[in-house]
Amino acid sequence: MRTMGLIFTSIHERNVPELTAARSIASVPFGGRYRLIDFLLSDMVAANVSTVGIITKYNFQSLMDHVGSGKNWDLARKNGGIVFLPPYGGDSRMLYTSRLDAIKSVLIFLKNCTEDIIIMSDCDFACAFNMSKAVDYFVEKNSDITVIYREKVPDGDEIKHRNAIVTDKNMNVVDIVPAQQNNGANKLMTNMLIMRRDFLIKLIERCAAVGMKSFSRDVLPFAIREYRVSAYGIDGFFASIESLQAYFRYSMQLTDKTVRDSLFKSVEVYTKVRDSVPCRMGDGAHVNNSIVADGCVIEGTVENSILFRGVKIGKGAVIKNSVIFQDADIGERCKLGYCIADKKTVIKPGKNLSGCETLPYFIPKDTVL
């Protein structure tokens, strides 16, 4: 059976307003060279998905520039491939306000597709897993919907925006509940769903006809009562970007090789290719336990940090426990600790900036300090 993807790029932007002021959540940088959408696209391509609809809303110029025609994921094709979907479609003249509205706005696109199965997902996380096994599970269970979940972790993972599912002994979903309640429901929804394309179309049309407003509060509970809804669990590294603190915490975890291997070795992750020179380190440079992308120029000290492409670190500068986005320029003798510096920020010589592990200091895009 042929499979397609449908990605929501702007559903959770309000959770991280600092990072999404000038971009969608799907194009938030992560891991030194990547954007969040890279992980989902790579998972889909590994599962032989040949058509991916990308639903846009706000600030999607950066996303379109990054994804382009999809050639970096082998999705530049005459038929199918990457299809950017506008924030409204059909007869609508207003921006969608919910996931259900977004699906309703692209029903014409879905009806014109020919794939049998659809993988529908948000884009506020980074993970790598064998998506083809999840599709096989969906087919074998003869499900109407398969919900992808992960186990709730005990170390303070932020779950206030997540729902959890309750399953029976056969891994059929019997209920959906708010994850933050202490109700014993430990299976957190990833907001990835697998279903047949024609089933999704009929489900949305039926639910819209009776006035349902929310996909998670109305449509899914209705589907659990009326149809066969199964659950499929994934493990390994899963970075749920639900706040700036969560983004920083998961980014810092990538400095651990075991964590990096969990993310990057199960599925090959592709991203936009940028022709740039290798990283250059000056005579006084010192780099320890850090991720450094191509194009960086380092003449100071970098420890336990992540540098994206084209970052410049001046002489005598000390960068510790920080995330520095693309083309940022850190001047001589600067000291940064527990900071997130957005794209093209300029820190003039001698500045001393510091946050803490639970509250990183954020420097907005294009800021000059």
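Everything below is about the structure printed above this text.
Each chain carries its own residue numbering, running from 1 in the direction its sequence is written. Only residues with pLDDT of at least 70 are given local features in this predicted model, and only at 80 or more are side-chain atom pairs given and counted; all residues enter the totals for whole chains, interfaces and linings. Hydrogen atoms and water are omitted, and side-chain values are computed over all heavy atoms in the structure.

J.: Before we go on, may I ask you to explain the overall build of the protein chain in this structure?
T.: For the protein chain, the count of helices and strands is nine helices and 28 strands. Here the protein chain has a C-alpha radius of gyration of 21 Å; the compact-globule value for 369 residues is 21 Å, and the two agree. The buried label applies to any residue whose accessible area, calculated with a 1.4 Å probe on protein chains only, is under 20% of its type's maximum; exposed applies above 50%, and partly exposed to all values in between. Across the 369 residues that make up the protein chain, the buried fraction comes to 55%. When the accessible surface of the protein chain is totalled, it reaches about 16300 Å², and 47% of it is carbon and sulfur. Positive charges come from Lys and Arg, negative ones from Asp and Glu, while His and the chain ends are left out of the count. To locate a charge, the coordinates of NZ of Lys, CZ of Arg, CG of Asp or CD of Glu are taken. For the protein chain, the distance from the average site of its 47 positive side-chain charges to the average site of its 41 negative ones is 3 Å. What counts as a helix is a DSSP run of H or I of at least four residues, what counts as a strand is a run of E of at least two, and both are numbered from the N terminus. What the globule rule says is 2.2 Å times the number of residues to the power 0.38, and the radius of gyration is computed from C-alpha atoms. Only the protein chains shown count as cover for residues, and all accessible areas are computed by the Shrake-Rupley method using a 1.4 Å probe.

J.: How do you make sense of the sheet that holds strand β26 (residues 346-347) when you look at a structure like this?
T.: Think of a sheet as strands paired side by side through backbone hydrogen bonds, with each pair either parallel or antiparallel. Across the sheet, which stays open at both edges, the five strands sit in the order β14-β17-β20-β23-β26 with parallel pairing between neighbours. For this open sheet the edge positions go to β14 (280-281) and β26, each flanked by a neighbour on one side alone. In this sheet, strand β23 (residues 329-330) lies alongside strand β20 (residues 312-313) in parallel orientation, the contact comprising two bridges. Counted as the bridge partner of lysine 312 is aspartate 329 from β23. By definition, two strands form a pair when at least two bridges between them are found by DSSP.

J.: I keep staring at empty space enclosed by the protein and nothing clicks. Help me out?
T.: A water-sized probe, rolled over the atoms, reveals where empty space remains. A 1.4 Å probe that fits but cannot get out identifies a cavity on a 1 Å grid over protein atoms alone, an open set with protein on both sides within 12 Å along at least five of seven lines counts as a pocket, and a residue lines either if it has an atom within 4 Å of a point. Grid points are joined across faces, edges and corners, and a volume is the space filled by probe spheres set on the points. With the rule as written, the count across this model stands at one cavity of 30 Å³ or more. Forming the walls of the largest cavity are Phe8, Arg99, Met120, Ser121, Asp122, Met189, Asn191, Leu193, Phe215, Ser216 and Leu220. Residue polarity is assigned by list, with Asp, Glu, Lys and Arg as charged and Ala, Val, Leu, Ile, Met, Phe, Trp, Tyr, Cys and Pro as nonpolar; anything else, Gly included, falls into the polar class. Here the lining of the largest cavity is composed, by residue class, of six nonpolar, three polar and two charged.

J.: Any chance you could explain the side chain of aspartate 43 here in plain terms?
T.: Mapped onto the elements, aspartate 43 comes out in helix α1 (residues 36-46). For the buried aspartate 43, no salt bridge is present, and the opposite-charge side chain at shortest range is arginine 150, 12 Å distant. Only heavy atoms enter the contact rule, under which two residues are in contact if any of them lie within 4.5 Å. When residues no more than four places from it in sequence are discounted, the contact partners of aspartate 43 are Cys127, Ala128, Phe129, Met131 and Val267. Between Lys or Arg on one side and Asp or Glu on the other, a salt bridge is scored when a side-chain nitrogen of the former is within 4 Å of a carboxyl oxygen of the latter.

J.: Can you walk me through the sheet that holds strand β16 (residues 291-292) in this structure?
T.: Ordered by their spatial adjacency, five strands build an open sheet running β16-β19-β22-β25-β28, and the pairing between neighbours is parallel. Edge positions in the sheet fall to β16 and β28 (361-363), since each has one partner strand and no second. The pairing of strand β22 (residues 323-324) with strand β25 (residues 339-341) spans two bridges and is classified as parallel. Across the sheet, residue valine 323 finds its bridge partner in β25, namely isoleucine 340.

J.: Would you mind going over the state of the cysteines with me for this structure?
T.: Linking two cysteines covalently via their sulfur atoms produces the bond known as a disulfide. In what follows, a disulfide is any cysteine sulfur pair within 2.5 Å. Summed over all chains, the structure comprises zero disulfides. No disulfide involves cysteine 113; its sulfur sits 18 Å from the nearest other cysteine sulfur, which is in cysteine 123. Judged by relative accessible area, cysteine 113 falls into the buried class, the value being 10%.

J.: Just to check I follow, could you spell out the environment of arginine 35 for this structure?
T.: The residue arginine 35 is located in strand β3 (residues 34-35) in this model. Take arginine 35: its relative accessible area is 12%, and that puts it in the buried class. The sequence separation of arginine 35 and alanine 126 amounts to 91 residues, and the corresponding C-alpha distance is 8.8 Å. For arginine 35, the contacting residues outside a window of four places in its chain are Ala26, Ser27, Val28, Pro29, Phe30, Ser62 and His66. Within the local environment of arginine 35, its side chain forms a polar contact with the backbone oxygen of serine 27, the two atoms lying 2.8 Å apart. Under the rule applied, a polar contact is a pair of N or O atoms within 3.5 Å (in protein, one hydrogen donor and one hydrogen acceptor; residues adjacent in sequence only if both atoms are side-chain atoms).

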